[in-house]
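Residue-level structure breakdown
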Amino acid sequence: TYGALPITVTSVSAAFGDVAGGARVSINGTNFATINSVSFAGRAGTNIQVVSTSRIDVTVPAGAAIGAVDVAVTPAGGATVTCTQCFVYYTPTIA
């Protein structure tokens, strides 16, 4: 019996969002089937939807601070894969 293929994470689109959270982003990669969790600098994303074997949509949680953070994806029964500094939290400017 063969196990599931390991996942890869290649990018996050949009790669930035408000530090208050709430942005909806797509995570691109391969071999997405059942995803247990997605986290941004250790904070859990919500409303995870596996759109296809190459795309997951997730709502970004509030960040602890502005700046680039790692995005970690954990599949069911598999090893967590991290995309290093693939998302940037920022504070929006009000004009």
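Residues numbered from 1 in each chain as written. Predicted model: local features only at pLDDT ≥ 70, side-chain atom pairs only at ≥ 80, totals over all residues. Heavy atoms only, no water.

1. A few points about unusual backbone geometry
For residues other than glycine, phi is negative in most cases, and the peptide bonds are mostly trans. The peptide bond linking serine 13 to alanine 14 adopts the cis configuration, its omega dihedral lying at -5 degrees. Within the element layout of this structure, alanine 14 appears in the loop between strand 1 (8-13) and strand 2 (16-18). For glutamine 85, which is not a glycine, the phi torsion comes out positive at approximately 50 degrees. If you trace the backbone, glutamine 85 turns up in strand 9 (residues 81-90). (Helix = DSSP H or I, 4+ residues; strand = E, 2+ residues; numbered from the N terminus.)

2. Describing the pairing of strand 7 (residues 55-59)
A large share of strand 7 lies buried, amounting to four of its five residues. Where strand 3 (residues 24-30) lies against strand 7, five bridges are found, and the strand directions are antiparallel. Following the sheet pairing, asparagine 28 is matched in strand 7 by arginine 55. Two strands pair when backbone bridges link them, and strand 6 (residues 46-52) and strand 7 are joined in this way by four bridges, in the antiparallel orientation. Counterpart to glutamine 49 in the pairing with strand 7 is aspartate 57. Turn length for the strand 6-strand 7 hairpin, with the two strands adjacent in sequence and antiparallel, is two residues. (Buried < 20%, exposed > 50% of the residue type's maximum accessible area, 1.4 Å probe, protein only. Pairing = 2+ DSSP bridges.)

3. Digging into the packing of aromatic side chains
All chains considered together, the criterion is met by three aromatic pairs. Consider the rings of phenylalanine 87 and tyrosine 89, whose centres lie 5.2 Å apart with planes at 80 degrees: the pair is edge-to-face. (Phe/Tyr/Trp six-rings, centres within 6.5 Å; stacked < 30°, edge-to-face > 60°.)

4. Points about the pattern of salt bridges
Should their charged atoms come close, side chains of opposite charge can pair. Applying the stated criterion across every chain yields a total of one salt bridge. With a closest N to O distance of 2.7 Å, arginine 55 and aspartate 57 form a salt bridge. (Salt bridge = Lys/Arg side-chain N within 4 Å of Asp/Glu carboxyl O.)

5. Points about the nonpolar core
One finds Ile27, Val38, Phe40, Val71, Val73 and Phe87 to be the most contacted residues of the largest nonpolar core, which totals 19 residues. Going through the elements one at a time, strand 1, strand 3, strand 4 (35-40), strand 7, strand 8 (67-75) and strand 9 are the ones with two or more residues in this core. Not counting residues within four places of it along the chain, the set of residues in contact with valine 71 comprises Val12, Ile27, Val38, Ser39, Phe40, Val81, Thr82, Cys83, Cys86 and Phe87. (Core = buried A, V, L, I, M, F, W, Y, C linked by side-chain atoms within 4.5 Å. Contact = heavy atoms within 4.5 Å.)

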